[in-house]
Amino acid sequence: MALAEGKKRSSLQTEETPLKYDSGHIAMTYTALLSLVILGDDLSRVNKAAVMAGLRGLQLPDGR
């Protein structure tokens, strides 16, 4: 599981040409992970490297 993201894509779009603003959503990712923990999941199936990469991708150049 990477960052929670909407999958509304046009028929002309491919993975090689992502939409400019097609990125994960921090709040929904947090909600999804928290929901799994509340339901007793150990998060072993979550792709933690992808989640971290997605968060790093949303980080501003100055570190904020």
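Structure shown above.
Residues numbered from 1 in each chain as written. Predicted model: local features only at pLDDT ≥ 70, side-chain atom pairs only at ≥ 80, totals over all residues. Heavy atoms only, no water.

### Description of the overall build of the protein
Helix and strand content of the protein: two helices and zero strands. In the protein, which comprises 64 residues, the proportion classed as buried is 14%. Of all intrachain contacts in the protein linking residues separated by at least 6 positions in sequence, the fraction that spans at least 24 positions is 51%. (Helix = DSSP H or I, 4+ residues; strand = E, 2+ residues; numbered from the N terminus. Buried < 20%, exposed > 50% of the residue type's maximum accessible area, 1.4 Å probe, protein only. Contact = heavy atoms within 4.5 Å.)

### Let's talk about a nonpolar patch on the surface
On the surface, Ile26, Met52, Leu55 and Leu58 cluster together to form a nonpolar patch covering roughly 320 Å² of accessible area. Looking at which element gives the most residues to the nonpolar patch, the answer is helix 2 (residues 48–58), with three residues. Looking at the element boundaries, Met52 is found in helix 2. Residue classification places Met52 among the partly exposed positions, given a relative accessible area of 41%. (Patch = residues over 30% accessible without salt bridge, like charges linked within 9 Å, V, L, I, M, F, W, Y side chains within 5 Å. Areas by Shrake-Rupley, 256 points an atom, 1.4 Å probe, with all protein chains shown as cover. Salt bridge = Lys/Arg side-chain N within 4 Å of Asp/Glu carboxyl O.)

### Comments concerning helix 1 (residues 26–38)
When the terminal C-alpha atoms of helix 1 are compared, their 18 Å separation across 13 residues agrees well with the 18 Å that a helix rising 1.5 Å per residue should span. Of the residues trailing helix 1, Gly40 is marked for its positive phi of about 95°. (Expected span 1.5 Å × (residues − 1).)

### Here we look at the pattern of salt bridges
Taken as a whole and judged by the stated rule, the model has two salt bridges. A salt bridge links Arg45 to Asp41; the shortest N-O distance between them is 2.8 Å.

### Looking at the side chain of Asp41
Mapped onto the fold, Asp41 is located in the loop between helix 1 and helix 2. Judged by its relative accessible area of 18%, Asp41 falls in the buried class. One polar contact links the side chain of Asp41 to the main-chain amide nitrogen of Leu43, over a distance of 2.5 Å. Of the polar contacts made by the side chain of Asp41, one reaches the side chain of Arg45; its length is 2.8 Å. (Polar contact = N/O pair within 3.5 Å; in protein donor to acceptor, adjacent residues only side chain to side chain.)

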